Amino acid sequence: MNSPFSSETSVEVPLERAPLVKVLVQLRFPTIAKIDSIDAVAAFQEQLEARYPILRPEHQVPLVPVGAVMPPVQVFGTIWRMSNTDSTWVVVLARDFVAMETTAYASRADFVERWAEVLRALPAANLAPAVYDRLGIRYIDRLAEEEMVNDLAVLVRPELLGITNVALPSGSSMVANVTQTQFQIDGLEMKASWGIIPARTVILPGIDAVDTRSWILDVDVYREQQVTFDTTSIVDLTATAAGRAYEFFRWSVTPEFLRRHGGEA
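Bear in mind that the values here come from a model prediction, so they are computed numbers and not experimental data.

Description of the layout of surface pockets
Alright, step 1. Within this model, the largest pocket holds a volume of roughly 410 Å³.
Alright, step 2. What lines the largest pocket is a set of 20 residues, and nearest its centre among them are Leu-24, Gln-26, Ala-99, Glu-101 and Leu-204.
Alright, step 3. Listed by contribution, the elements that provide at least two residues to the lining of the largest pocket are β1 (20-28), β3 (77-83), β4 (89-94), β5 (97-102) and β6 (131-143).
Alright, step 4. Of the residues contributing to the lining of the largest pocket, the split by class is 11 nonpolar, three polar and six charged.
Alright, step 5. Lining the second largest pocket are 17 residues; nearest its centre among them are Glu-12, Val-13, Leu-20, Tyr-105 and Tyr-246.
Alright, step 6. No other element matches the three residues that helix α6 (residues 231-252) contributes to the lining of the second largest pocket.

And the structure:
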């Protein structure tokens, strides 16, 4: 691929050992206060409990600065987490967003279809917003093996290596170097981050740190615009955004990267 935005390929190459840490999609909308109620969310749960039978509520509370006097506890709302039995798939519903995340991503088609089921559950439960404000999908890849990090020159395109590709004295290593770039393409925003992060560093809440330095590729594609809620158009936009994220990933890595992860270039 000559460009990360060329749309030269939209066909996925299945990777037997995919380096994906997590995939997330989120729809943000104006506050729907009744989502705090267990009675209101029960109908939403009924729509999805075949796939996500475990429901756990969490309460949002304000953060208190270090050294500040603790104020009376103020509950800002309930976050409802529905998951499968091993928590590899999670649906999250709150008064101003609905989201889905997975650590067991199989394919774009499967992910988008599962997301469509979540979206259809909102109107079925009488919880659909009139409009939404933001739709975003995020893919986080990580190479955690030292051998992979040492071989970045043959796994990643030179455009992404930058100073990472500089030869170092024997016995030395680069501890950290992360680049972030933002693009606008076809009405979508894309924020891409990549580079080496230190050992025992959290790259995103909910993603465990590892004991060695690692290389990450974090691609977030989104649109911030008030739009009428319509399941079909949201699903179509999600598929488009996911395709853009995948094109950037495919452009970023080499055929050797694909082969080492069990795919064919």
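Describing the nonpolar core
Alright, step 1. Ranked by size, the top nonpolar core spans 67 residues in total, and within it Leu-27, Phe-44, Leu-93, Val-98, Met-100, Trp-115 and Trp-215 carry the most contacts.
Alright, step 2. Top contributing element to this core by residue count: α6, with 10 residues.
Alright, step 3. Sequence-distant contacts of Leu-93, defined by excluding residues within four places in its chain, comprise Ile-35, Val-41, Phe-44, Thr-78, Ile-79, Trp-80, Val-98, Leu-122 and Leu-127.
Alright, step 4. Grouped together as the second largest cluster of nonpolar side chains are seven residues, Val-21, Ile-140, Ile-197 and Ile-207 included.

Re the pairing of β3
Alright, step 1. With six of seven residues buried, β3 is to be regarded as a mostly interior element.
Alright, step 2. Summarising the sheet, β3 and β4 pair through four bridges and their orientation is antiparallel. Bridge pairing links Arg-81 to Val-92 in β4.
Alright, step 3. Count of turn residues in the β3/β4 antiparallel hairpin: five residues, of which Ser-87 carries a positive phi of about 60 degrees.

A look at α6
Alright, step 1. With 22 residues, α6 should cover 32 Å at 1.5 Å per step; its first-to-last C-alpha distance of 32 Å lies within 8% of that length.
Alright, step 2. Most of α6 is tucked away: 17 of the 22 residues are buried.

Digging into the packing of helix α2 (residues 108-124) against α6
Alright, step 1. Direction vectors running N to C along α2 and α6 enclose 150 degrees, while the axes themselves pass 10 Å from each other. The pairing of α2 with α6 is recorded here as roughly antiparallel in orientation. Both α2 and α6 take part in a crossing whose hand is right-handed. Listed contacts from α6 to Arg-108, Val-112, Trp-115, Ala-116, Leu-119 and Arg-120 of α2 are Thr-231, Ile-234, Val-235, Thr-238, Ala-239, Ala-242, Gly-243 and Tyr-246.

Reading the values: rules and limits
- Sequence order as written defines the numbering, with residues in each chain counted from 1.
- In keeping with the model being predicted, local features are shown solely for residues with a pLDDT of at least 70 and side-chain atom pairs are shown and tallied solely at 80 or more, while totals for entire chains, interfaces and linings include all residues.
- To get the side-chain values, take all heavy atoms of the structure and skip hydrogens and water.
- Space inside and on the surface of the protein is sampled on a 1 Å grid over the protein atoms alone, with a cavity defined as a set of points where a 1.4 Å probe fits but cannot get out and a pocket as an open set with protein on both sides within 12 Å along at least 5 of 7 lines; lining residues have an atom within 4 Å of a point.
- Grid points are joined across faces, edges and corners, and a volume is the space filled by probe spheres set on the points.
- By the criteria applied, helices consist of DSSP H or I runs no shorter than four residues and strands consist of E runs no shorter than two, each listed in order from the N terminus.
- Polar here means any residue other than Ala, Val, Leu, Ile, Met, Phe, Trp, Tyr, Cys and Pro, which are nonpolar, and Asp, Glu, Lys and Arg, which are charged; Gly is therefore polar.
- Take the buried residues of types Ala, Val, Leu, Ile, Met, Phe, Trp, Tyr and Cys, join any two whose side-chain atoms come within 4.5 Å, and each joined set is a nonpolar core.
- Note on classification: 1.4 Å probe, protein chains only; a residue is buried when its accessible area is under 20% of the maximum for its type, exposed when over 50%, partly exposed between these limits.
- Contacts are residue-level and defined by heavy atoms, with any inter-residue pair within 4.5 Å sufficient.
- By definition, two strands form a pair when at least two bridges between them are found by DSSP.
- Under the convention used throughout, the expected extent of a helix is 1.5 Å for every residue step, that is, one less than its residue count.
- What counts as an axis is a line fitted to C-alpha atoms, over the stretch in contact for a helix, and the angles between N-to-C directions run from 0 to 180 degrees.
- Every angle not falling under 35 degrees, over 145, or within 65 to 115 is termed oblique; those three ranges are roughly parallel, roughly antiparallel and roughly perpendicular.
- In this scheme the crossing of two helices becomes right-handed for a clockwise turn of the near helix relative to the far one and left-handed for an anticlockwise turn of less than a right angle.

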